[in-house]
Amino acid sequence: MESLIQDIRYGIRMLAKKPGFTVVAVIALALGIGANTAIFSVVNKVLLNPLPYKEPDRLMMVWEENAKNGFPADTPSPANFISWREQNQVFEDMAALDGNSYSLTGTGEPEKIEGHRVSASLFPILGVDPSLGRVFSPEEDSPGANRVVIISDGLWKRRFGSDREILGRTLTLDGQSYTVVGVMPPRFDFPNRESEIWLPMGFTTEEAAMRGNHYLEVIARTRPGVTREQAQAEMSTIAARLQEQYPQSNTSIGAVVIPLHEQLVGDIRPALLVLLGAVGFVLLIACANVANLLLARAAVRQKETAIRTALGARRTRLIRQFLTESLLLSGLGGLAGLLISVWGINILVSFIPDTISQAKDVAVDAKVLLFTFAISLLTGVIFGLIPALQASRPNLNETLKEGGRDSSAGATGSRARNLLVVSEVGLAMVLLIGAGLMINSFLRLRNVDPGFKTDSMLTARIILPESKYSTPAARIAFYRQLLERIEALPGVQSAGITTSLPLTSKGNSTGITVEGRPRPAPDEQPIIVTRVISPGYFRTMSIPLLQGRQFDERDREDAPYVIVINETMARNLWPGEDPLGKRIKLGEYDSPSPWRSVVGVVKDVRQFDLDSAPRSQMYSPFTQFRYFAPRDLVIRTNGDPLSMVSAVREEVWAIDKDQPVSSVSTMEQIMSGSVARQRFNMLLLGIFAGVALILAAVGIYGVMSYLVTQRTREIGLRMALGAQTGDVLRLVVGQGFKLVIAGVALGLVSALILTRYMSSLLFGVSTTDPLTFALISVSLVAVALLASYIPARRATRIDPMEALHYE
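The following refers to the structure shown.

Rules used in this analysis
- Residues numbered from 1 in each chain as written.
- Predicted model: local features only at pLDDT ≥ 70, side-chain atom pairs only at ≥ 80, totals over all residues.
- Heavy atoms only, no water.
- Helix = DSSP H or I, 4+ residues; strand = E, 2+ residues; numbered from the N terminus.
- Buried < 20%, exposed > 50% of the residue type's maximum accessible area, 1.4 Å probe, protein only.
- Contact = heavy atoms within 4.5 Å.
- Areas by Shrake-Rupley, 256 points an atom, 1.4 Å probe, with all protein chains shown as cover.
- Core = buried A, V, L, I, M, F, W, Y, C linked by side-chain atoms within 4.5 Å.
- Axes fitted to C-alpha atoms, helices over the stretch in contact; angles between N-to-C directions.
- Parallel < 35°, antiparallel > 145°, perpendicular 65-115°, else oblique.
- Left-handed = near helix turned anticlockwise from the far one by under 90°.
- Nonpolar A, V, L, I, M, F, W, Y, C, P; charged D, E, K, R; others polar.
- Polar contact = N/O pair within 3.5 Å; in protein donor to acceptor, adjacent residues only side chain to side chain.
- Patch = residues over 30% accessible without salt bridge, like charges linked within 9 Å, V, L, I, M, F, W, Y side chains within 5 Å.
- Salt bridge = Lys/Arg side-chain N within 4 Å of Asp/Glu carboxyl O.
- Phe/Tyr/Trp six-rings, centres within 6.5 Å; stacked < 30°, edge-to-face > 60°.
- Arc of directions from axis to C-beta.
- Pairing = 2+ DSSP bridges.
- Lys, Arg positive; Asp, Glu negative; His and termini not counted.

## Brief notes about the overall build of the chain
Along its length, the chain carries 25 helices and 22 strands. When the 807 residues of the chain are sorted by exposure, 51% land in the buried category. Of the contacts formed within the chain by residues at least 6 apart in sequence, a portion of 82% connects residues at least 24 apart. With an accessible surface of roughly 35,400 Å², the chain has 57% of that area assigned to carbon and sulfur atoms.

## Concerning the nonpolar core
Ranked by internal contacts, the top residues of the largest apolar core, which has 113 residues, are Leu-329, Tyr-537, Tyr-619 and Phe-688. With 18 residues, helix H10 (residues 268-300) is the single largest residue contributor to this core. Sequence-distant contacts of Tyr-619, defined by excluding residues within four places in its chain, comprise Arg-531, Ile-533, Tyr-537, Phe-538, Phe-551, Val-562, Ile-563, Val-564, Val-602 and Val-605. Ala-495, Met-569, Ile-584 and Val-601 belong to the second-largest nonpolar core, a separate cluster that totals 39 residues.

## Looking at the packing of helix H3 (residues 78-87) against helix H7 (residues 228-245)
Direction vectors running N to C along H3 and H7 enclose 125°, while the axes themselves pass 10 Å from each other. For the element pair H3 / H7, the angle class is oblique. In the packing of H3 onto H7, the handedness of the crossing is right-handed. Here Asn-80, Ser-83, Trp-84 and Gln-87 of H3 lie close against H7, whose contacting residues are Glu-234, Met-235, Ile-238, Arg-241 and Leu-242. Residue composition of the contact of H3 with H7, by class: four nonpolar, three polar and two charged.

## Remarks on the environment of Thr-755
Relative to the helices and strands, Thr-755 is located in the loop between helix H23 (725-754) and helix H24 (770-796). In the structure, Thr-755 is positioned 318 residues away from Leu-437 in sequence and 8.8 Å away in space, judged by C-alpha atoms. Here Thr-755 is in contact with Ile-433, Leu-437, Thr-767 and Phe-773, once residues within four sequence places are set aside. Separated by 3.1 Å, the side chain of Thr-755 and the backbone oxygen of Thr-767 make a polar contact.

## Here's the deal with a nonpolar patch on the surface
On the surface, Val-23, Ile-27, Leu-31, Ile-340, Trp-343, Ile-347 and Phe-351 cluster together into a nonpolar patch covering about 610 Å² of accessible area. In terms of residues, the nonpolar patch owes the most to one element, helix H12 (residues 315-351), which gives four residues. Mapped onto the fold, Ile-27 is located in helix H2 (residues 19-48).

## Comments concerning the pattern of salt bridges
Opposite charge on two side chains lets them pair, provided their charged atoms get close. Scanning all chains against the criterion turns up 25 salt bridges. Arg-159 is the salt-bridge partner of Glu-111, the closest N and O atoms lying 2.7 Å from each other. Pair noted here: Glu-111 is in strand E4 (residues 111-118) and Arg-159 is in helix H5 (residues 153-160), with a separation of 48 residues, a long-range link. Classification of Arg-159 by relative accessible area gives buried; the value is 18%. Across the salt bridge formed by Arg-636 and Asp-455, the nearest N and O atoms sit 3.9 Å from each other. One end of the pair, Arg-636, is in strand E21 (residues 632-637); the other, Asp-455, is in the loop between helix H15 (407-446) and strand E12 (457-461), and 181 residues separate them in sequence. Each of Glu-111, Arg-158, Arg-159 and Glu-196 takes part in a single network of salt bridges with overlapping partners.

## Brief notes about the packing of aromatic side chains
Summed over the entire model, instances satisfying the criterion amount to 14 aromatic pairs. Seen from their ring centres, Phe-123 and Phe-188 are 6.1 Å apart, and the 45° between their planes marks the pair as tilted. Residue Phe-123 is located in helix H4 (residues 122-126), and its partner Phe-188 is located in the loop between strand E8 (176-183) and strand E9 (197-200); the two are separated by 65 residues in the primary sequence. By relative accessible area, Phe-123 is classed as buried at 1%. Residue Phe-188 is classed as buried on the basis of its relative accessible area, which comes to 7%. Between Phe-478 and Tyr-479, the aromatic rings sit 5.5 Å apart at their centres with planes inclined by 85°, giving edge-to-face as the arrangement. This pair shows no difference in class: Phe-478 is buried, exactly as Tyr-479 is. Feature note: the residues Tyr-53, Phe-123, Phe-136, Phe-188, Phe-190 and Trp-198 constitute an aromatic cluster, connected by ring pairs.

## Digging into the packing of helix H16 (residues 472-487) against helix H19 (residues 645-655)
Contact geometry for H16 and H19: axes closest at 10 Å, N-to-C directions at 140°. Read as a crossing pair, H16 and H19 show a hand that is right-handed. Within the contact between the two elements, H16 uses Phe-478, Gln-481, Leu-482, Arg-485 and Ile-486 and H19 uses Val-648, Glu-651, Val-652, Ala-654 and Ile-655. Of the residues that constitute the contact of H16 with H19, the class distribution is seven nonpolar, one polar and two charged.

## Here we look at H19
Among all positions in H19, only Val-645, Val-648, Glu-651 and Val-652 are buried. Projected onto a plane normal to the axis of H19, the buried residues spread over an arc of 130° and lie on a single side. Residues of H19 that are buried make contact with E12, H16, E21 and strand E22 (662-666).

## Re the pairing of strand E11 (residues 254-259)
Counted residue by residue, E11 has six buried out of six residues, so it is predominantly covered. Because side chains alternate across E11, one face comprises the buried residues Gly-254, Val-256 and Ile-258, and the other comprises Ala-255, Val-257 and Pro-259, equally buried. The pairing of strand E1 (residues 59-66) with E11 spans six bridges and is antiparallel. Note on E11: the bridge partner recorded for Glu-64 is Ala-255.

## Details of the side chain of Arg-531
Mapped onto the elements of the fold, Arg-531 is located in strand E15 (residues 527-533). This buried residue, Arg-531, is left without a salt bridge; Asp-632 holds the nearest opposite charge, at 7.6 Å. A polar side-chain atom of Arg-531 sits 3.4 Å from the main-chain carbonyl oxygen of Ser-500.

## A short note on the environment of Arg-228
You can see Arg-228 is positioned in helix H7. With 31 residues separating them in the primary sequence, Arg-228 and Pro-259 have C-alpha atoms 7.5 Å apart. Residue contacts for Arg-228: discarding those within four places in its chain leaves Met-60, Val-257, Ile-258, Pro-259 and Glu-262. Side-chain polar atoms of Arg-228 contact the backbone oxygen of Val-257, separated by 3.1 Å.

## Overview of unusual backbone geometry
Glycine aside, a negative phi is what most residues show, and trans is what most peptide bonds show. With an omega of 5°, the peptide bond running from Phe-190 to Pro-191 counts as cis. Residue placement: Pro-191 occurs in the loop between E8 and E9. Positive phi values are uncommon outside glycine, yet Asp-174 reaches one of about 55°. Looking at where Asp-174 falls in the secondary structure, it is placed in the loop between strand E7 (170-173) and E8.

## Remarks on the side chain of Asn-44
Tracing the backbone through its elements, the reader meets Asn-44 in helix H2. For Asn-44, a relative accessible area of 1% puts it in the buried group. Aside from chain neighbours lying at most four places away, what touches Asn-44 is Asn-49, Asp-365, Lys-367 and Val-368.

## Some remarks on the environment of Val-26
Along the polypeptide, Val-26 turns up in helix H2. Here Val-26 falls in the buried class, since its relative accessible area comes to 14%. The spatial distance from the C-alpha of Val-26 to the C-alpha of Leu-332 is 6.3 Å, given a sequence separation of 306 residues. The contacts of Val-26, once residues within four sequence positions are left out, are Leu-329, Leu-332, Gly-333 and Ala-336.

These figures capture arrangement, not role.
Here it is in structure tokens:
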């Protein structure tokens, strides 16, 4: 222990003697360790931490599987859910959820609240109890007996001032009274962070019989010892049985079981793992840099090491001394990195998409501190071992001579430094290519034509409660009056309404029957995306009309039913034919639904997301469609759309003072939010690649500078014998160029292997995109040559007379 304390004291003195060296090494390590700690904090929270529910590994989401029609994990119908719950033997219980928005009135300004109807079994399945009150009783989960509500902690605090007398109080939701029976704990946000109220599901008789209407989410808890595979096998058997019993509705519909944690993490897992690998590369480059610095420093300390060896110091003692110094460096780098990570986490969280609810509480906890300590310790060993082994074997005869040089040690040290530089360049090459692919992918995604214009457009959500607007006529009258009022506002060009704006919802699809076609097999019925709109919607969204006409005042409630379709639907259903005048109807072949005539064809719109091809889609006038009520308002303005928010709210409240206006944003914000995950991946990988490039350039500069210092006498002699400036430049830059080319070659091979794991993160670009590989290679070589050129220029200024006296 005493000798260890001596080593630590001696190491501190040696680091203090060279503050410039110490600061550079600590900064390099702090960048690498800090980046790793920040990313690990997110990975720890999102991927490694268990969900805050009782035995979360037993929680599963169950979906309908209808891959044949493009829905590999679809929302189940009520009747299928009931059949699953009654027939399965693998789950302790199952619960259904149905997301809705509710108008909260009677206590201040009207507000739109996001919530869910849920089975009474939901909270016992999750194993979460309210912080106040109770959960729903089974008796309350039935029609007519479900006038109770549980609210979130956030709503309780925001709207009711944390009033502990809230239990038993009535809330007015959509014009109906509900009694508060519970308040959930502060961090309960199932199934998403927007949920603030929960009401009993209470299936009506009609709902319980529905097999063709798919809108539920289903969660289940497996019995003890039941694996996911066993649960999947059981649910597949039940789904096959339902296909035989209900061929008209269930043909091709299976069931898929997904662990809840996997469901919540979604497609962020591969991105986080790629980023974790990227920061690992950054740390390795930092280690290589510091190892190069230590090798150079060890060469300077050869005489000291030789004297200690001559006085009897064992090699293990010398190795321990050098490793102690490197561990001190890594410890300082770890502390600085921890400070950087605390700052970096706040920035990182701001980039994480809102859909990753688990990431909102990312922080440095005990596990993260342990990770930082372990990685600092490992880092110290990694970058300190090679210099320690090299420095502990001095050539005593040469080193102890007056003015003698340890040529053998110098050659070995030079090879080690060159190898480290090649590794740095190779690692930086992999990161830069990954970042280049992500940037290329993101630019291609943002350049996708969505089918509409996003500039100067304000959007808002207005959901009319059925209790107050129970008939189509009442809803039509409200929206007509609202659109007239808004279009009369100064600064408004046009306005429209729709059931769902592009890039905001993936629902509202329905099966159709095409006139003149034979009855299709149950699994061959066309599935069409359906949107209900006002006559001004296409004009407001700037969606081009390709054929026929748009909706207008002719399309009244009592007029013949009409639709406008997109070009994909026209191409899929009537290839090579004129679609105008063709007729379809909703539902099965013998459905009583009225026939609807095609009166127009519009350009395809990316309704669901930018990286998916447009699907067949039809639009119906809001005056002629009873199944889906419009809810999204879109307004094209002459100036800043957000300046119209107050005026729009006033017009809504002038018609109905209790009607909330929610989800106010611009169309550009919606577009930006639709690519939030891709932007997150691109920005972080780009930042890490930039840090790697800087570290690699610094490493090359350091090695070339050391080379010039070590070869000062040789360069001076060459110049004394007639070597020109160009000769010296070629000598130094040429050696750096060889190292860079070797590193680029290593990086290209590694990138060809590793980038294949990024394929799920890319859009419109191959993992081996030749243009990206070529541009990155040229750019890295240019930066590396610049880093070699600066020491080379310094070498050309060497005075031959001074160099010949150089020791």
